[in-house]
Amino acid sequence: TRLHLEFDLSRSASRSLTESLVCSHMRLVYDMPTHNEFIESGTSSEPLLVEAAAWAMNKKRIEWLVDLAQFVKDGFLHTGPRGELAARTLLTFAYDRAGALQRGPEEERTSYSRAVPVVVFLRALFADRWHDTVLQSAPPGAPPLQDAFADAFVRFTHFFPHDGDGTLDVNDALAAMVRGCALLINPRRDFADIAVPIVMHDAPLDVDVMSYIFVQL
């Protein structure tokens with residue numbers, strides 16, 4: 001639900017697993033070929049289901065990571081030619097960790113769907129020794145990243161494919177921010193693989209304050 005898992009339908013065990021997930025209301029049937037040998041299914045953007053998944057994942061992080069690694073080892077899942085599944089997992093970890101860093105030591109977590117500052121997210125994504133390198137980076141004549149994005153927020157709890165030819169605009173960013181999802185860009189486009197929506201200022205949501213973090217693998 002959160003990581004946009006893609007199953008290898010050439011394996012009978014994968015087909016059985018996807019059918020079980022459909023029966024459990026964890027995946028949706030998109031198409032059923034006339035031969036009835038398998039179904040084409042997927043996960044739509046379901047914020048409430050994603051929130052429940054986030055609580056379960058963070059409560060038993062080691063267990064589900066072991067299960068995920070075993071699914072990959074057994075060939076059930078497509079990991080992507082450039083490690084797309086690993087990238088989605090790392091970005092999800094960083095977002096959840098940023099939410100924990102944003103809270104005070106005595107503050108209890110109430111939601112995994114709350115937006116977090118971009119700077120805090122980047123600190124959670126990169127190792128400590130790279131913080132200064134990343135946050136002090138800047139194009140010529142521009143302020144450092146941590147100043148330029150001091151008021152920016154990021155919000156994504158899951159990933160969802162972007163429809164179309166890969167062309168993105170601020171309207172897509174606004175829709176993704178509202179849903180709390182990062183966009184998976186059409187593989188035929190080579191400028192980026194993942195687009196994470198951000199709001200540049202602590203202001204009411206509008207296309208005028210939207211932008212992206214682009215991830216290229």
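Before any of the text, the structure's been laid out above.
Criteria and thresholds
- Counting restarts for each chain: residues are numbered from 1 in the order of the written sequence.
- Per-residue local features are limited, in this predicted model, to residues with pLDDT of at least 70; the limit for side-chain atom pairs, both in listing and counting, is 80 or more; totals at the level of whole chains, interfaces and linings are taken over all residues.
- To obtain the side-chain values, all non-hydrogen atoms of the structure were used and water was disregarded.
- By definition, no residue in a patch forms a salt bridge, and every one has over 30% relative accessible area; like charges are joined within 9 Å, nonpolar side chains (Val, Leu, Ile, Met, Phe, Trp, Tyr) within 5 Å.
- For the accessible areas, the method is Shrake-Rupley and the probe is 1.4 Å, while residue cover comes only from the protein chains on display.
- Salt bridge criterion: a side-chain nitrogen from Lys or Arg within 4 Å of a carboxyl oxygen from Asp or Glu.
- Helix and strand assignments come from DSSP, with helices taken as H or I runs of at least 4 residues and strands as E runs of at least 2, each series counted from the N terminus.
- Here the expected span of a helix is defined as 1.5 Å times the quantity of residues minus one.
- Whether two residues touch is decided by their heavy atoms; if any such pair falls within 4.5 Å, the residues are in contact.
- All axes are obtained by fitting lines to C-alpha atoms, using only the stretch in contact for helices, and the reported angles, taken between N-to-C directions, cover 0 to 180 degrees.
- For classification purposes, angles smaller than 35 degrees are called roughly parallel, those larger than 145 roughly antiparallel, those between 65 and 115 roughly perpendicular, and all remaining angles oblique.
- For this classification, the nonpolar set comprises Ala, Val, Leu, Ile, Met, Phe, Trp, Tyr, Cys and Pro, the charged set comprises Asp, Glu, Lys and Arg, and every other residue, Gly included, is treated as polar.
- The rule is simple: take the accessible area with a 1.4 Å probe, protein chains only, and divide by the maximum for that residue type; under 20% is buried, over 50% is exposed, in between is partly exposed.
- Two strands form a pair only when DSSP identifies at least two bridges running between them.

**Q** Can you tell me about a nonpolar patch on the surface, naming the residues and giving the values?
**A** A cluster of nonpolar side chains, contributed by Leu90, Leu125, Phe126 and Trp130, occupies part of the molecular surface with about 360 Å² of accessible area. Position of tryptophan 130 among the secondary structure elements: in the loop between α5 (118-125) and α6 (131-135).

**Q** Give a detailed account of helix α2 (residues 47-59), specifying residues and quantitative values.
**A** If you check α2, its first and last C-alpha atoms are 18 Å apart, about what 13 residues at 1.5 Å a residue would give, namely 18 Å. Each element contacted by the buried residues of α2 is listed here: α3 (61-73), α4 (84-102) and β5 (158-161).

**Q** Any chance you could break down unusual backbone geometry for me, citing the residues and the numbers?
**A** Backbone geometry places histidine 4, a non-glycine residue, at a positive phi of 55°. The topology assignment puts histidine 4 in the segment before α1 (12-23).

**Q** Explain the packing of α3 against α4 to me, and be specific about the residues and the numbers.
**A** Their axes nearest at 13 Å, the elements α3 and α4 cross at an angle of 170°. With respect to their mutual orientation, α3 and α4 come out roughly antiparallel. Along the contact surface, α3 presents Arg61, Trp64, Leu65, Leu68 and Val72, while α4 presents Leu85, Thr89, Phe93 and Asp96. For the contact of α3 with α4, the residue count by class is six nonpolar, one polar and two charged.

**Q** Could you give an account of the pairing of strand β6 (residues 181-184), with specific residues and numbers?
**A** Every second residue of β6 is oriented toward a common face, with Cys181 and Leu183 on one face and Ala182 and Leu184 on the other, all of them buried. Pairing of β6 with strand β7 (residues 194-199), which is carried by two bridges, proceeds in the antiparallel orientation. The residue bridging leucine 184 from the neighbouring strand is isoleucine 194, located in β7.

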